[in-house]
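For reference, the chains in residue letters:
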There are 2 protein chains.
Amino acid sequence: MRHTISVLVSNEFGVLSRISGLFSGRGFNIESLSVAETLDPIVSRMTIVTRGDDKVIEQINKQLNKLINVIKVHDFTGEEHIERELALIKVTGTPESRAEILSIVDIFRAKVVDVSPRSYTIETTGDEEKIAAITELLRPFGIKEIVRTGKIAMARSLKQK
Amino acid sequence: MRHTISVLVSNEFGVLSRISGLFSGRGFNIESLSVAETLDPIVSRMTIVTRGDDKVIEQINKQLNKLINVIKVHDFTGEEHIERELALIKVTGTPESRAEILSIVDIFRAKVVDVSPRSYTIETTGDEEKIAAITELLRPFGIKEIVRTGKIAMARSLKQK
């Protein structure tokens, strides 16, 4: 099963290496990982997406909690939450394909962030399915390069107080 | 000096742990890191932002190139490139602050992705300065939570053929 795990850590040398080592040591590949500072510059948040056996993930979560630099671990699996990632996609653009590419950009509420005589660089955000959908539509034009951030997640707010 | 380094790797257990270990072993903290699959699911791209002595970074780059799972290393430092990150920001929202929050969202071309009677969750993308600017403007309303992806980078296209 797919798991999205959020880990709050104190910014110290080696914490990323130790955490990713916990996953690889148990044979889990990390599908995506994002880490950046929070409002407090000595604290960072990691969002890890991995697939694997629920029991083993539970064990990894427990071990994460035991690490000295780990402040909090939260597994979003089975919980209402928002997931988003950002992708930059560079596609081949000719004068003939321009209108069609721009209409795809429009439909997905994406943005063109760089243009050259032969290419467009498109910035898009969304969940996994949306990124996959726009990538599929742009693929026929020729994708020169794609760079993705990996997913981040946040719990949905309660609709009732 | 700040460095943004892009590393193309083959998706195997332990590669993330080995790469982050190279940085921490030399006393470098990783400011942000993003890793996600490329179009080829057995290849991932990592974007690492770190600060430090240029000569040591050069050594790290050389060592990265020697790792078996590393396909390509590129340091964007001093080169025309696009940098972007994505942030989800949950702010306290009252009926009184609603109009002001929404006008900030508008100015930054951000999006409201979740609403509750007491909060707004805002999705925004940009370079470091833009994310810092919207965070500063939203801070007086009360930021409940912020999650960021870390930066990704792409070379700018040549304007002339």
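Residues numbered from 1 in each chain as written. Chains lettered and ligands numbered in written order. Predicted model: local features only at pLDDT ≥ 70, side-chain atom pairs only at ≥ 80, totals over all residues. Heavy atoms only, no water.

### Some thoughts on the overall build of chain A
No. 1: Helices and strands together make up the secondary structure of chain A, namely four helices and nine strands.
No. 2: Seen in sequence order, chain A has helices and strands lined up from the N terminus as β-α-β-β-α-β-β-α-β-β-α-β-β.
No. 3: Projected onto its principal axes, the C-alpha positions of chain A cover 60 × 40 × 35 Å.
No. 4: Within the structure as shown, chain A displays about 7600 Å² of accessible surface, and the carbon and sulfur contribution to it stands at 52%.
No. 5: For chain A, the centre of its 23 positive side-chain charges and the centre of its 22 negative side-chain charges are spaced 2 Å apart. (Helix = DSSP H or I, 4+ residues; strand = E, 2+ residues; numbered from the N terminus. Areas by Shrake-Rupley, 256 points an atom, 1.4 Å probe, with all protein chains shown as cover. Lys, Arg positive; Asp, Glu negative; His and termini not counted. Charge placed at Lys NZ, Arg CZ, Asp CG, Glu CD.)

### Some words on the interface of chain A and chain B
No. 1: Taken together, the 61 residues of chain A in the interface contact 61 residues of chain B.
No. 2: Sorting the residues of chain A by area buried against chain B places Leu39, Ile152 and Met154 of chain A first, and these three jointly supply 12% of that buried surface.
No. 3: Inspection of the chain A/chain B interface yields six salt bridges.
No. 4: A salt bridge links Asp114 of chain B to Arg156 of chain A, with the shortest nitrogen-to-oxygen separation between them at 3.0 Å. (Contact = heavy atoms within 4.5 Å. Buried area = accessible area lost by both parts, 1.4 Å probe. Salt bridge = Lys/Arg side-chain N within 4 Å of Asp/Glu carboxyl O.)

### Observations regarding the relation of the copies chain A and chain B
No. 1: You can overlay chain A on chain B at an RMSD of 0.0 Å; the transform is a turn of 180° with a shift of 0.0 Å along its axis. One copy is carried onto the other by what is essentially a two-fold rotation axis.
No. 2: Interface residue correspondence from chain A to chain B reaches 100%, placing this contact among same-surface, isologous pairings. (Least-squares fit on C-alpha atoms with pLDDT ≥ 70 in both.)

### Digging into the nonpolar core
No. 1: Ranked by internal contacts, the top residues of the largest apolar core, which has 39 residues, are Val7 and Ile19 of chain A together with Val7 and Ile19 of chain B.
No. 2: If we ignore the near neighbours within four places in the chain, the residues touching Val7 of chain A are Ile19, Ser44, Arg45, Met46, Ile48, Leu64, Val70, Lys72 and Val73 of chain A. (Core = buried A, V, L, I, M, F, W, Y, C linked by side-chain atoms within 4.5 Å. Buried < 20%, exposed > 50% of the residue type's maximum accessible area, 1.4 Å probe, protein only.)

### Some details on helix α1 (residues 15-25) of chain B
Residue and element names in this part refer to chain B.
No. 1: Within α1, eight of the 11 residues are buried, which leaves it mostly tucked inside the rest of the structure.
No. 2: Restricting attention to buried positions, one finds in α1 the residues Val15, Leu16, Ser17, Ile19, Ser20, Leu22, Phe23 and Ser24.
No. 3: Looking one or two residues past α1, Gly27 carries a phi angle of roughly 80°, positive in sign.

### Some thoughts on the packing of helix α1 (residues 15-25) of chain A against α1 of chain B
A pair of packed helices is characterised by two quantities: the angle between their axes and the separation of those axes.
No. 1: As a packed pair, α1 of chain A and α1 of chain B sit with axes 8 Å apart at the nearest point and diverge in direction by 160°. Of the possible angle classes, the one that applies to α1 of chain A and α1 of chain B is roughly antiparallel. Between α1 of chain A and α1 of chain B lies a crossing whose hand is left-handed. Only Leu16, Ser17, Ser20, Gly21 and Ser24 of chain B of α1 of chain B make contact with α1 of chain A, whose side of the interface consists of Leu16, Ser17, Ser20, Gly21 and Ser24 of chain A.
No. 2: Tallied by class, residues from the contact of α1 of chain A with α1 of chain B come to two nonpolar, eight polar and no charged. (Axes fitted to C-alpha atoms, helices over the stretch in contact; angles between N-to-C directions. Parallel < 35°, antiparallel > 145°, perpendicular 65-115°, else oblique. Left-handed = near helix turned anticlockwise from the far one by under 90°. Nonpolar A, V, L, I, M, F, W, Y, C, P; charged D, E, K, R; others polar.)

### Some details on the confidence of the model for chain A
No. 1: Put simply, chain A has an average pLDDT of 92, and 98% of its residues get 70 or more.
No. 2: Here the predicted complex carries an ipTM of 0.92, next to a pTM of 0.92. (pLDDT = per-residue confidence, 0-100.)

### Regarding the pattern of salt bridges
No. 1: Summed over all chains, the structure comprises 27 salt bridges over all chains.
No. 2: A salt bridge links Glu123 of chain B to Arg84 of chain A, with the nearest nitrogen and oxygen atoms 2.7 Å apart. You can see Glu123 of chain B sitting in strand β7 (residues 119-126) and its partner Arg84 of chain A sitting in strand β5 (residues 81-92), one on each of two chains. Residue Glu123 of chain B shares its accessibility class with Arg84 of chain A, and that shared class is buried.
No. 3: For Arg139 of chain B, the salt bridge goes to Glu136 of chain B, with nearest N and O atoms at 2.9 Å.
No. 4: The network of salt bridges with common partners includes Arg2, Glu31, Arg51, Glu83 and Glu128 of chain A.

### A closer look at the pairing of strand β2 (residues 30-37) of chain B
No. 1: Most of β2 of chain B is tucked away: seven of the eight residues are buried.
No. 2: In the sheet, strand β2 (residues 30-37) of chain A pairs with β2 of chain B via three bridges, with the strands oriented antiparallel. Bridging across to β2 of chain B, Val35 of chain A finds its partner in Leu33 of chain B.
No. 3: As paired strands, β2 of chain B and strand β3 (residues 43-51) of chain B are joined by seven bridges and run antiparallel to one another. What sits directly across from Ser34 of chain B, in β3 of chain B, is Thr47 of chain B. (Pairing = 2+ DSSP bridges.)

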